[in-house]
Amino acid sequence: MKALISTARKASERVFLVGAELKSRRTWEVRDSLAELAQLASTAGGEVVGNGVQKLPAPVASTFIGAGKADEFSALCRREAVDTVIFDDELSPAQSRNLEQTFGCKVLDRTALILDIFARRARTREGKLQVELAQLQHLLPRLTRFWDHLSRQKGGIGMRGDGETQLETDRRRVQDRITRIAAELDEVRRQRSTQRQGRQRNLWPLASLVGYTNAGKSTLFNALTGAAVLEEDKLFATLDPTTRRLRLPTNQNVLLSDTVGFIRKLPHRLVEAFKATLEEVVNADLLLHVVDVSHPQAEDQIAAVHQVLAEIAAGDKPRLMVFNKIDCAPNPEQVQAFLQRWPHAVAISARTEEGFPGLRTELGSRLRPVREFLELAIPHSQAAVVARLHSVAQVVERKYDGERARFKVRLPPHLHGEFAPFVLPPGASQASLPGVAGPPDGDGREASRG
Ligand SMILES: Nc1nc2c(ncn2[C@@H]2O[C@H](COP(=O)(O)OP(=O)(O)OP(=O)(O)O)[C@@H](O)[C@H]2O)c(=O)[nH]1
Ligand SMILES: [Mg+2]
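I will try to describe carefully the structure that is included in this document. (Residues numbered from 1 in each chain as written. Chains lettered and ligands numbered in written order. Predicted model: local features only at pLDDT ≥ 70, side-chain atom pairs only at ≥ 80, totals over all residues. Heavy atoms only, no water.)

### Considerations on the overall build of the protein chain
Scanning the protein chain for helices and strands turns up 18 helices and 13 strands. Out of the 450 residues in the protein chain, the part that is buried amounts to 52%. In the protein chain, the share of contacts with a sequence separation of at least 24, taken over all contacts with a separation of at least 6, comes to 71%. Put simply, the protein chain shows about 20,100 Å² of open surface, and 50% of that area lies on carbon and sulfur atoms. (Helix = DSSP H or I, 4+ residues; strand = E, 2+ residues; numbered from the N terminus. Buried < 20%, exposed > 50% of the residue type's maximum accessible area, 1.4 Å probe, protein only. Contact = heavy atoms within 4.5 Å. Areas by Shrake-Rupley, 256 points an atom, 1.4 Å probe, with all protein chains shown as cover.)

### Some points on helix α3 (residues 67-79)
Residues that lie three or four places apart on an α-helix share one face, since the helix turns once every 3.6 residues. With 13 residues, α3 extends 19 Å from end C-alpha to end C-alpha; this agrees with the ideal 18 Å at 1.5 Å per step. The complete set of buried residues in α3 reads Ala70, Phe73, Ser74 and Cys77. Buried residues of α3, seen end-on, are gathered within an arc of 105 degrees and therefore sit on one face of the element. In α3, the exposed positions angled more than 90 degrees off the buried face are occupied by Gly68 and Arg79. Those residues of α3 hidden inside the fold are in contact with β1 (13-22), β2 (46-56), β3 (84-87) and α4 (93-103). Looking at the residues trailing α3, positive phi occurs at Ala81, about 50 degrees. (Expected span 1.5 Å × (residues − 1). Arc of directions from axis to C-beta.)

### Some thoughts on the sheet that holds strand β13 (residues 404-410)
The strand order β11-β13-β12 describes an open sheet built from 3 strands, whose pairing is antiparallel. Strands at the two margins of the open sheet, each flanked by one partner only, are β11 (373-379) and β12 (394-401). In this sheet, adjacent strand axes meet at a mean angle of 20 degrees when their direction is disregarded. Examined bridge by bridge, β11 and β13 share 7 bridges and lie antiparallel to one another. Bridge pairing in β13 places Phe373 opposite Arg410. (Pairing = 2+ DSSP bridges. Axes fitted to C-alpha atoms, helices over the stretch in contact; angles between N-to-C directions.)

### Concerning the nonpolar core
Grouped together as the largest cluster of nonpolar side chains are 45 residues, with contacts concentrated most on Leu40, Phe118, Phe236 and Leu309. Sorting the residues of this core by element identifies β1, α2 (27-43), α5 (110-121), α6 (125-139), β5 (206-211), α11 (268-273) and α13 (298-311) as the ones contributing at least two each. For this core, the domains that each give at least three residues are domain 1 (1-198) and domain 2 (203-369). Here Leu40 is in contact with Arg110, Leu113, Ile114, Ile117, Leu235, Phe236 and Ile263, once residues within four sequence places are set aside. Formed by 24 residues, the second largest nonpolar core is a distinct cluster that contains Val229, Val290, Val322 and Leu367. (Core = buried A, V, L, I, M, F, W, Y, C linked by side-chain atoms within 4.5 Å. Domains from an automatic or database assignment.)

### Notes on the environment of Leu209
Take Leu209: it is sitting in strand β5. Exposure remark for Leu209: the relative accessible area of 0% places this residue in the buried category. Setting aside anything within four residues of it in sequence, one finds Leu209 in contact with Lys217, Leu220, Phe221, Leu256, Ser257, Asp258, Thr259, Leu288 and Val290.

### Section: the packing of aromatic side chains
Counted by the stated rule, this structure contains 5 aromatic pairs. On the numbers, 5.6 Å between centres and 55 degrees between planes, the contact of Phe16 with Phe73 is tilted. Taken together, the residues Phe16 in strand β1 and Phe73 in helix α3 connect sequence positions 57 residues apart. Both residues of the pair, Phe16 and Phe73, count as buried. A network of ring pairs unites the aromatic residues Phe64, Phe87 and Phe103 as a single cluster. (Phe/Tyr/Trp six-rings, centres within 6.5 Å; stacked < 30°, edge-to-face > 60°.)

### Looking at the sheet that holds strand β7 (residues 253-258)
Reading across the sheet, the 6 strands line up as β6-β7-β5-β8-β9-β10 and stay open at both edges, with mixed pairing between neighbours. Edge positions in the open sheet fall to β6 (242-247) and β10 (346-347), since each of these has one partner strand only. Here β5 runs beside β7; their pairing, made up of 3 bridges, is parallel. Pairing of Ser208 across the sheet is with Ser257, part of β7. Helix α15 (residues 356-366) contacts β6, β8 (286-292), β9 (319-324) and β10 of the sheet and is inclined by roughly 175 degrees relative to β9.

### Examining the state of the cysteines
Every disulfide links exactly two cysteines, by a covalent bond between their sulfur atoms. Enumeration over the complete set of coordinates arrives at 0 disulfides. Cys77 supplies the cysteine sulfur nearest to Cys105, a cysteine that is in no disulfide, at a spacing of 6.0 Å. (Disulfide = S-S within 2.5 Å.)

### Quick look at the packing of α5 against α6
The relative placement of two packed helices comes down to the angle between their axes together with the axis-to-axis distance. α6 packs onto α5 with a crossing angle of 155 degrees between their chain directions and a minimal axis gap of 9 Å. One element, α5, and the other, α6, form an angle in the roughly antiparallel class. Between α5 and α6 the crossing geometry is left-handed. Contacts between α5 and α6 involve Thr111, Ala112, Leu115, Asp116, Phe118 and Ala119 from the former and Val131, Ala134, Gln135 and His138 from the latter. For the contact of α5 with α6, the residue count by class is 6 nonpolar, 3 polar and 1 charged. (Parallel < 35°, antiparallel > 145°, perpendicular 65-115°, else oblique. Left-handed = near helix turned anticlockwise from the far one by under 90°. Nonpolar A, V, L, I, M, F, W, Y, C, P; charged D, E, K, R; others polar.)

See below:
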């Protein structure tokens with residue numbers, strides 16, 4: 001045990017990975033998942049010295065893998081002077097504790113590893129707070145022996161980020177810290193939502209880049225907008241969202257935002273913690289789903305992204321599939337197959353900018369609806385609705401008509417629902433005012449409410 005702790009102070013931690021081939025999974029899926037876990041571990045600064053897989057009908061309640069297998073791996077780890085064992089699946093607090101006893105070293109799961117990477121990547125106040133909150137919530141139930149061990153070990157994978165300094169032996173303090181962070185996050189988000197209203201006033205439609213981590217979202221974002229967001233051949237290079245204006249060849253302005261990438265088995269807690277950051281995605285008028293076509297698991301990655309989108313209630317958003325990295329795709333037929341499967345998809349290289357004209361054209365036509373005008377009739381009694389309209393819409397014409405004010409406006413599509421009761425049918429304004437005084441029935445009911 002002593003020997004293990006001292007080796008943890010070497011330049012990189014020696015890491016051993018464990019996967020389970022459950023009945024529901026195929027061997028190659030476990031292998032792919034472990035390969036990705038190895039990438040995550042090295043992104044976190046670990047040196048992967050080996051891995052082990054066990055075939056199981058279902059996870060074992062006490063130790064996830066079978067006790068015999070755990071002993072076998074543990075002996076291997078001691079021989080290899082392993083500092084940290086990382087499981088590819090989320091472990092329960094009890095499993096973590098038992099496994100740590102067996103292995104005699106730090107045992108982490110995929111969730112803790114991803115949280116660790118996020119902690120290193122977070123730059124904004126909000127991003128840091130979100131990660132710290134998720135880390136504390138993940139660790140709190142696991143604070144026992146693991147805890148002593150970690151405080152002796154001081155940091156290392158799974159224990160970095162702002163969380164580290166606050167983690168004392170007292171659970172109570174951790175709980176207090178959780179409460180404080182939650183309050184602080186609330187405040188940061190309130191301020192951000194004020195800023196966002198400013199953006200809505202601009203009335204430019206918002207397109208958000210989504211996709212599996214390392215698909216090339218930031219590279220595309222930088223190439224299109226001239227921004228300088230970090231692009232790196234590492235998982236989760238981007239964490240905090242960035243938004244820039246993009247002018248299309250049609251002279252149309254749109255906003256483009258780049259944000260955190262997705263990954264399979266993305267911890268639910270993290271999706272929850274990042275929901276606010278992902279507002280850029282939830283509020284977008286169009287999602288650009290960037291896919292790395294040169295990746296052997298491109299298909300699985302698409303499915304994983306769809307799953308996360310559904311989890312954040314963005315599953316129904318209009319979507320444009322962007323097949324990226326065609327410059328290094330292993331064969332052109334495969335790119336063609338992707339294009340055929342997804343209507344209106346585009347194939348590009350964010351690196352060489354091949355395919356950009358087609359992408360820009362597609363963006364222009366998919367984001368056009370926001371340029372159209374809507375006609376509204378709002379009773380004068382609904383002063384709050386009128387005020388709200390002025391704050392979010394571009395009002396190009398205003399007329400007064402007895403008890404109602406009529407507006408010709410441009411309104412972002414995601415706000416259409418809010419004003420639906422006041423919308424006039426197309427062409428209604430062409431008729432003489434008194435004759436069409438009655439907008440749809442729904443309007444009358446709204447009016448009598450105010
Ligand atoms: N060959 C090639 N490489 C690309 C292309 N686009 C991006 N890359 C590379 O892919 C790697 C990941 O690119 P990023 O833009 O950081 O990917 P991302 O989707 O923003 O990744 P995260 O922020 O980690 O989610 C970098 O090494 C890029 O240089 C492309 O079209 N062709
Ligand atoms: Mg990125």
